[in-house]
Amino acid sequence: MFYFGGVGLAFFLTLLLVSKRKKTIADIILAVWLFVISIHLLLFYLLRMKLYPQLLGVSFPFPLIHGPFLYLYTMALTNRLQFSRLALLHFIPFLAVFIYLIPFLSLPIEEKINVFKNHGAGYETFNQILKIIIIISGLLYFIASSLVLRKHRVSITDHFSNTEKVNLKWLQYLIYWIGLIWIMVIFTNDDWIYGFVVLFILFIGFFGIRQIGIFYSPELPIPLNGAEIKDRPDEMEQKNGHHADHFQLEKKKYQKSGLSIERSKILHRQLTQLMNDKKLYARSDLSLAELAEQLNTQPNHLSQVINELEAKNFYDYINTLRIEEFKRVAASADSKRFTLLALAQHCGFSSKSSFNRYFRKVTGLSPSEFIQTAPLTN
């Protein structure tokens, strides 16, 4: 019943996605993927219970379909999927194996049962090759999906000062689950593998329902370069070491932007003046597009100015200003009446964890350590 329960849950989640209003491409991909998972798990359940022997062998190609679905779902969530017929090429291995199996699937039931009883007698080479292909496919799509998500996390720092809602950490956990299942494929038997598949479905159901926009429609999409990123409660994990390469790429990207050196300097002065006067960094949801509108310029021009003249991406630029504001406010004698979190939120940080992490990154100290060493002012 454990496996059959997983079948029912996967099918139920599929219905939730199908009934969702304003479905995105990512929603459609996830719905189809969950339906395929329910069919795959059902085939295993029937085989394990020795029911419907005419279906023996139908499940063999199915492991080759989950890697492509993971990759396409990741591409869709990160707004990198150009949906076309080319996307269907990812499913060629699945179709090729299925077509190859047609002669076996056409055998009388007694002959298929006999093959299974003799541990695949007559198909030993095929079984070995198929297992190798399944392992390679799973690992490649796991790596590809992880790289796509990593690029997304880097790119959003050029557009958002608070990345907690667009970092897609939920998707990272989903990718980890798939990686774990592939490890089970290599080292364990079917009972363990499909047991983890059921847990994977439970993960999608439990955590997916908690994420805004997965199983029901979000109210406010967040624009990014003309596309939409759906809200995902999360926390940013800034990685050190990628900045040098990032800014080299930015220079190449801006070579044809049309922004002159003189105009760039003027825009930078206006940006500095605006931040000093209005302290827009104190808005926790400040985005590049909104700041560009304040300066009456294009977002890509503003991004270029910040990258080239501040040597930072938008996320680092705004959060560094927030840290400087916190240091100024915390040095005031009046600050003792407030908690560190209240001061951090006053300066634009939306959560304690992101504030602590970024403060240590900039200063090398924790906020409490800084407070203890900072001289007070009136």
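It should be emphasised that the depicted structure is a prediction, and the values quoted were computed from it without experimental measurement.

(A) Inspection of the overall build of the chain at higher detail. A tally of regular secondary structure across the chain gives 17 helices and two strands. Here the chain holds 378 residues, and 48% of them are scored as buried. Long-range pairs, those at least 24 residues apart, make up 71% of the contacts in the chain between residues at least 6 apart in sequence. Counting every atom, the chain has about 20,200 Å² of accessible surface; 62% of that belongs to carbon and sulfur.

(B) Representation of the nonpolar core. Core analysis: the largest hydrophobic core is formed by 64 residues, its most contacted members being Trp-33, Tyr-73, Leu-171 and Leu-174. Breaking this core down by element, the ones donating at least two residues are α1 (2–18), α2 (25–48), α3 (63–77), α4 (92–100), α7 (124–155), α8 (169–187) and α9 (190–210). Of the residues forming this core, the biggest block, 13 residues, is contributed by α2. Among residues more than four places away in sequence, those in contact with Leu-174 are Trp-33, Leu-70, Tyr-73, Phe-200, Phe-203 and Ile-204. Leu-271, Leu-288, Leu-295 and Tyr-317 belong to the second-largest nonpolar core, a separate cluster that totals 18 residues.

(C) Seen up close, the packing of α3 against α8. Viewed as axis vectors pointing N to C, α3 and α8 meet at an angle of 165 degrees, and their least axial separation amounts to 11 Å. When the interaxial angle is binned, α3 and α8 end up roughly antiparallel. You can see that α3 and α8 cross each other, and the crossing is left-handed. Here Pro-63, His-66, Gly-67, Leu-70, Tyr-73, Thr-74 and Leu-77 of α3 come into contact with α8, specifically with Trp-170, Leu-171, Leu-174, Ile-175, Ile-178 and Trp-182. For the contact of α3 with α8, a count of residues per class yields 10 nonpolar, three polar and no charged.

(D) View of unusual backbone geometry. In this model, Lys-22 sits at a positive phi of 55 degrees, which is unusual for a non-glycine residue. Inspection of the secondary structure assignment puts Lys-22 in the loop between α1 and α2. Residue class for Lys-22 comes out exposed when judged on its relative accessible area of 67%.

(E) Spotlight on the packing of helix α14 (residues 314–330) against helix α16 (residues 352–363). For the pair α14 and α16, interaxial distance at closest approach is 10 Å and the crossing angle is 90 degrees. In this view, α14 runs roughly perpendicular relative to α16, as classed from their interaxial angle. Along its contact with α14, which presents Tyr-315, Asp-316, Asn-319, Thr-320, Ile-323, Phe-326 and Lys-327, the element α16 presents Phe-355, Tyr-358, Phe-359, Lys-361, Val-362 and Thr-363. Partitioning the contact of α14 with α16 into residue classes produces seven nonpolar, three polar and three charged.

(F) Layout of a nonpolar patch on the surface. A cluster of nonpolar side chains, contributed by Leu-139, Leu-180, Ile-183, Ile-186 and Phe-187, occupies part of the molecular surface with about 450 Å² of accessible area. No other element matches the four residues that α8 contributes to the nonpolar patch. Tracing the chain through its elements places Leu-139 in helix α7.

(G) Structural context of helix α11 (residues 261–278). The terminal C-alpha atoms of α11 lie 26 Å apart, and with 18 residues this matches the ideal 26 Å at 1.5 Å per residue to within 8%. Ser-264, Leu-267, His-268, Leu-271, Leu-274 and Met-275 are the residues of α11 that are buried. End-on view of α11: buried residues confined to an arc of 130 degrees, all on one side of the axis. Exposed residues on α11 whose side chains face more than 90 degrees from its buried face are Arg-269, Asn-276 and Asp-277.

(H) Region of interest: the pattern of salt bridges. Inspection of every chain in the model, using the stated rule, returns eight salt bridges. Between Asp-27 and Lys-20 there is a salt bridge, with its nearest N and O atoms 2.7 Å apart. Asp-27 gets classed as buried once you look at its relative accessible area, which sits at 5%. Its relative accessible area of 5% is what places Lys-20 among the buried residues. For Lys-361, the salt bridge goes to Asp-316, with nearest N and O atoms at 3.6 Å.

The rules we used
Residues numbered from 1 in each chain as written. Predicted model: local features only at pLDDT ≥ 70, side-chain atom pairs only at ≥ 80, totals over all residues. Heavy atoms only, no water. Helix = DSSP H or I, 4+ residues; strand = E, 2+ residues; numbered from the N terminus. Buried < 20%, exposed > 50% of the residue type's maximum accessible area, 1.4 Å probe, protein only. Contact = heavy atoms within 4.5 Å. Areas by Shrake-Rupley, 256 points an atom, 1.4 Å probe, with all protein chains shown as cover. Core = buried A, V, L, I, M, F, W, Y, C linked by side-chain atoms within 4.5 Å. Axes fitted to C-alpha atoms, helices over the stretch in contact; angles between N-to-C directions. Parallel < 35°, antiparallel > 145°, perpendicular 65-115°, else oblique. Left-handed = near helix turned anticlockwise from the far one by under 90°. Nonpolar A, V, L, I, M, F, W, Y, C, P; charged D, E, K, R; others polar. Patch = residues over 30% accessible without salt bridge, like charges linked within 9 Å, V, L, I, M, F, W, Y side chains within 5 Å. Salt bridge = Lys/Arg side-chain N within 4 Å of Asp/Glu carboxyl O. Expected span 1.5 Å × (residues − 1). Arc of directions from axis to C-beta.

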